[in-house]
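Secondary and tertiary structure notes
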Amino acid sequence: MEQSALALHGTPVVPGIGYGPVIRPVARPVIPAEGTSIPDTAREAEVGRFEDAAKAVAERLRDRASRTAGAAGEVLQATAVLAEDRAWRGAAATKIRSGTDAVGATVAATDRFAALFEKMGGLQAERVTDLRDIRDRVIAELQGEPEPGLEMPGEPSVLLAADLAPADTAGLDPSLIVALATSLGGPTSHTAIIARQLGIPCVVAVAGLDDVPTGTAVLVDGASGRIVIAPDGTQAAAEVERDRVERERVAGWVGPGATLDGHPVEILANVQDGAGARAARQTPAQGIGLFRTELCFLDRDTEPTVVEQADIYAEVFETFAGRKVVLRTLDAGSDKPLRFANHPEEANPALGVRGIRITASAPGVLDRQLDAVAEAASRTGAHPWVMAPMVATVSEAAEFAVKVRERGLSPGAMIEVPSAALLADRILEHLDFLSIGTNDLAQYTMAADRMSPQLAALTDPWQPAVLDLVACAARAGAEVGKPVGVCGEAAADPLLACVLAGMRVTSLSCAASAITFVGARLASVSIDQCRSAAEAVLQTADPAAARAAALRYLGGPVERNS
Ligand code: PEP
Ligand code: MG
């Protein structure tokens with residue numbers, strides 16, 4: 001793509017290229033700054049009007065949920081539940097009874113709950129979009145207007161929006177909506193979840209997107225996060241065609257993971273709950289390489305009981321019955337604080353009490369979680385592997401291993417801290433396996449916040465220092481014949497995945513959307529090519545040289561992430 005056209009950048013969520021004119025969702029109702037007051041005598045009838053509107057919206061969403069399969073249906077169902085939420089409806093009714101009209105009360109109740117969700121952060125904060133969607137639908141219903149949202153275009157188009165409501169995204173037709181980009185949202189927002197399910201190239205959190213006029217032709221690259229405004233039409237068409245050929249090629253990959261000459265490398269999925277596991281089960285993933293359990297409990301004030309936890313874990317184990325499932329114990333803290341496990345204030349939370357370190361500050365949380373894992377395992381007949389996050393010392397690994405083995409489970413550790421990579425051989429004396437978390441390993445090796453867009457070049461997993469530590473941990477496993485996988489984002493980069501295989505990692509675990517890209521790329525090269533690429537990469541001085549070295553040995557299709 002020629003570089004003179006204006007390009008915006010965001011967080012890539014679903015790989016693929018889409019090109020077409022911009023469309024935007026139909027305007028939502030104007031939200032009044034404050035409600036209109038209503039007389040005493042009209043208030044009960046107004047409560048009734050609000051209740052009827054909320055009910056009509058919930059029913060319509062439920063109806064659409066019943067006609068929509070998979071994760072999209074689950075999202076619509078969850079949004080309908082939100083429309084029926086007793087606390088939210090109660091807050092609106094109370095406001096009406098104090099003299100505000102139904103529209104004003106809907107707005108006030110939504111603002112109150114949105115503020116609450118935002119304070120909770122994480123997944124809960126991402127539900128604010130869903131709540132505002134409900135508000136808009138209820139207000140349109142109260143005003144007798146048609147439901148706000150998306151009108152399907154007459155030609156293949158690129159959908160741009162601030163954020164998309166689940167009810168809008170769930171019904172998208174991938175032959176008409178060829179790409180999606182939002183200025184808000186995160187990789188776990190509903191927009192991202194549904195785009196992934198539908199296979200629509202998607203980029204979120206794009207700065208400057210709101211200024212792109214409707215009708216302008218844009219190209220969205222869901223692998224790199226690049227959005228090119230008004231590109232050269234011929235070049236854009238060539239990129240789209242290359243992408244189509246590549247997608248067709250990878251879609252034919254059905255696993256299991258292996259190089260061209262049959263060297264096996266397991267291809268696994270990263271998930272965060274039962275719905276994620278069910279989505280991953282639709283791909284050729286051979287199992288789950290990272291179940292991020294803390295993401296199930298970000299909205300909890302109190303610790304979930306052993307039974308509550310066991311129910312959630314069992315859902316994931318059942319979905320992958322008879323296959324490998326690697327569960328990570330709570331990685332509470334830093335960007336994923338859990339109110340029941342972490343102290344509210346830390347000067348430097350990424351270097352604070354997170355991961356395995358909560359065992360000292362929140363005694364019993366790990367024991368109860370391991371009890372729940374053991375309970376879920378015995379209920380489902382699963383044999384999960386259980387690993388601790390943020391291990392930095394041999395003694396942390398040893399103590400964790402004792403607790404896990406006591407419960408008849410198989411212990412392992414994440415390698416995310418440079419000290420753990422350097423001591424991988426000694427850590428492995430106590431454990432059955434390791435899994436390298438390149439996201440944190442890059443952050444801690446390079447002393448660069450993984451959330452900072454300005455420092456993204458430093459937290460690039462192609463940094464040779466990071467790859468040196470990866471190689472060190474992989475070597476430790478290979479020497480004693482114990483599995484060492486990679487479950488950070490590095491494993492989702494098809495070219496880097498081949499380099500990792502060359503470093504002797506035994507599994508690659510990534511988002512479900514990346515599985516076929518990684519599997520197909522690995523299947524296109526020999527293990528000797530991977531080993532030569534790994535050796536060459538480890539001699540380089542910077543990420544660009546590392547990528548170039550890898551390409552020299554691995555060649556092949558156009559790199560999606562370069
Ligand atoms: C990692 O750090 O690479 C990892 C997989 O863990 P998380 O991204 O959940 O911190
Ligand atoms: Mg991590």
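Scroll up to find the structure.
Cut-offs used in this document
Residues numbered from 1 in each chain as written. Chains lettered and ligands numbered in written order. Predicted model: local features only at pLDDT ≥ 70, side-chain atom pairs only at ≥ 80, totals over all residues. Heavy atoms only, no water. Near = heavy atom within 4 Å. Polar contact = N/O pair within 3.5 Å; in protein donor to acceptor, adjacent residues only side chain to side chain. Areas by Shrake-Rupley, 256 points an atom, 1.4 Å probe, with all protein chains shown as cover. Helix = DSSP H or I, 4+ residues; strand = E, 2+ residues; numbered from the N terminus. Donors = N, O, S within 2.8 Å, 3.2 Å for Na, K, Ca; no water. 1 Å grid on protein atoms, 1.4 Å probe; cavity = no way out; pocket = protein on both sides within 12 Å on 5 of 7 lines; lining within 4 Å. Points joined across faces, edges and corners; volume = space filled by probe spheres on them. Nonpolar A, V, L, I, M, F, W, Y, C, P; charged D, E, K, R; others polar. Salt bridge = Lys/Arg side-chain N within 4 Å of Asp/Glu carboxyl O. Buried < 20%, exposed > 50% of the residue type's maximum accessible area, 1.4 Å probe, protein only. Expected span 1.5 Å × (residues − 1). Arc of directions from axis to C-beta. Contact = heavy atoms within 4.5 Å.

A few words on the site of ligand 1. Lining the immediate environment of ligand 1, one finds 14 residues, of which Arg292, Arg328, Gly437, Asn439 and Arg450 sit closest. Contact between ligand 1 and Arg292: an oxygen atom at 2.7 Å from a side-chain N or O atom of the residue. A distance of 3.1 Å separates an oxygen atom of ligand 1 from a polar atom in the backbone of Thr438. For ligand 1, whose accessible area on its own is 290 Å², the fraction buried by protein is 98%. Of all the secondary structure elements, the ones that give two or more residues to the shell around ligand 1 are strand 10 (287-292) and helix 17 (438-446).

For the rest of this paragraph, the subject is the coordination of the magnesium ion (ligand 2). Taken together, the protein donors to the magnesium ion (ligand 2) comprise Glu416 (OE) and Asp440 (OD), at separations of 2.0 to 2.1 Å. Taken together, the positions of Glu416 in the loop between strand 13 (410-415) and helix 15 (418-422) and Asp440 in helix 17 put the pair 24 residues apart, joining distant regions of the chain.

Inspection of the entire model under this criterion finds three cavities of 30 Å³ or more. Its volume calculated, the largest cavity comes out at about 100 Å³. Lys324, Leu434, Ser435, Gly485 and Ser507 are the residues nearest the centre of the largest cavity, which is lined by 16 residues in total. Within the residue set of the lining of the largest cavity, elements represented by two or more residues are strand 11 (324-328), strand 14 (433-436), strand 15 (484-486) and strand 16 (507-510). Residue composition of the lining of the largest cavity, by class: nine nonpolar, six polar and one charged. Approximately 60 Å³ is the volume attributed to the second largest cavity. The wall of the second largest cavity is formed by Thr329, Leu330, Gly355, Ile356, Ile358, Thr359, Val365, Leu366, Gln369 and Pro389. For the lining of the second largest cavity, the secondary-structure elements that each account for two or more residues are helix 12 (358-361) and helix 13 (365-380). In terms of residue count, helix 13 provides more of the lining of the second largest cavity than any other element does, three residues in total. Residue composition of the lining of the second largest cavity, grouped by class: six nonpolar, four polar and no charged.

Turning next to the pattern of salt bridges. Scanning the model with the defined rule gives 39 salt bridges in all. A salt bridge links Glu241 to Arg244; the nearest nitrogen and oxygen atoms lie 2.8 Å apart. With Glu241 and Arg244 both in helix 9 (residues 233-251), this residue pair falls three residues apart, about one helical turn. Using a relative accessible area of 39% as the deciding quantity, one classes Arg244 as partly exposed. Each of Glu294, Arg328, Asp331, Lys336, Arg354, Asp440 and Arg450 takes part in one network of salt bridges that share partners.

Another aspect to go through is helix 9. Look at helix 9: 27 Å from first C-alpha to last across 19 residues, which is about the 27 Å you get at 1.5 Å a residue. Among the residues of helix 9, Ala236, Glu239, Asp243, Glu246 and Val250 are the ones counted as buried. Burial along helix 9 is one-sided: seen end-on, the buried residues are contained in an arc of 90 degrees. Across helix 9 from its buried face, at more than 90 degrees, point the exposed residues Thr234 and Glu248. Lining the buried residues of helix 9 we find strand 3 (17-23), strand 7 (217-221), strand 8 (226-229) and helix 20 (515-522).

Moving on, we get to the side chain of Asn439. Position of Asn439 among the secondary structure elements: in helix 17. For Asn439, a relative accessible area of 17% gives the class buried. A distance of 2.8 Å separates a polar side-chain atom of Asn439 from the backbone nitrogen of Glu489. If we skip the residues at most four places from it in the chain, Asn439 touches Arg292, Arg450, Gly488 and Glu489.

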